[in-house]
Amino acid sequence: MFRTPQVILFSEDVPRAAAFYSRLGFTETFRVPSEGGPIHVDLVLDGYKIGIASVVSTRNDHGLDPVPEGQRAAVVLWTDDTAAAYAELTASGAPALAAPHTWLDRLLIAWIADPDGNPIQLVQHLR
């Protein structure tokens, strides 16, 4: 009945958000319009798809009233080295939300935010 799920994040600045996720290793797979300022961009990493949708376009084209910033959803990125990823991303300007810490005695987790304030969890297995 359903297939190919993805998450859409709303942004006031689609190019900025798409560039941020591209730096994390996501690859752009779709853009509207194909030239000029985009109102929607899809990106994929390891089979996981994120869409970045313009707040204005979502309001005008679909009649929704998306919240343009804050902690509305979280993106989870698994890594082999949470501490190094956290240090690199925060050094390059990503807002720090929570420093690396052990959770459930088997995971090392840290939190940063994307340019629109969406939390990103960086996580690795400790065992």
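All values derive from a computational prediction rather than experimental measurement.

Cut-off values and rules
Residues numbered from 1 in each chain as written. Predicted model: local features only at pLDDT ≥ 70, side-chain atom pairs only at ≥ 80, totals over all residues. Heavy atoms only, no water. 1 Å grid on protein atoms, 1.4 Å probe; cavity = no way out; pocket = protein on both sides within 12 Å on 5 of 7 lines; lining within 4 Å. Points joined across faces, edges and corners; volume = space filled by probe spheres on them. Nonpolar A, V, L, I, M, F, W, Y, C, P; charged D, E, K, R; others polar. Helix = DSSP H or I, 4+ residues; strand = E, 2+ residues; numbered from the N terminus. Buried < 20%, exposed > 50% of the residue type's maximum accessible area, 1.4 Å probe, protein only. Arc of directions from axis to C-beta. Contact = heavy atoms within 4.5 Å.

Asker: When you look at the layout of surface pockets in this model, what are you seeing that I'm missing?
Answerer: One simple way to see leftover space: roll a probe sized like a water molecule over the atoms. Counted as a void, the largest pocket has a volume near 440 Å³. Lining the largest pocket are 18 residues; nearest its centre among them are Arg23, Leu24, Leu77, Leu89 and Leu122. In terms of residue class, the lining of the largest pocket is built from twelve nonpolar, three polar and three charged.

Asker: Sorry, what's going on with unusual backbone geometry here?
Answerer: Most peptide bonds take the trans configuration, and most residues that are not glycine carry a negative phi. For the bond from Val32 to Pro33, the omega torsion is -15 degrees, close enough to zero to count as cis. By the secondary structure assignment, Pro33 is in the loop between β2 (27-32) and β3 (40-45). Look at Leu104: it is not a glycine, yet its phi comes out positive at around 60 degrees. Here Leu104 is to be found in the loop between β6 (96-103) and β7 (107-113).

Asker: Explain helix α3 (residues 82-91) here, please?
Answerer: The α-helix winds at 3.6 residues per turn, so residues separated by three or four positions along the chain end up facing the same way. All of the buried residues in α3 are Thr82, Ala85, Tyr86 and Leu89. Along the long axis of α3, the arc covered by the buried residues comes to 100 degrees, so they all point the same way. Seen from the open side of α3, the exposed residues pointing more than 90 degrees away from its buried face are Glu88 and Ala91. Close packing links the buried residues of α3 with β6, β7 and β8 (119-125). Just beyond α3, the residue with positive phi is Gly93, at close to 110 degrees.

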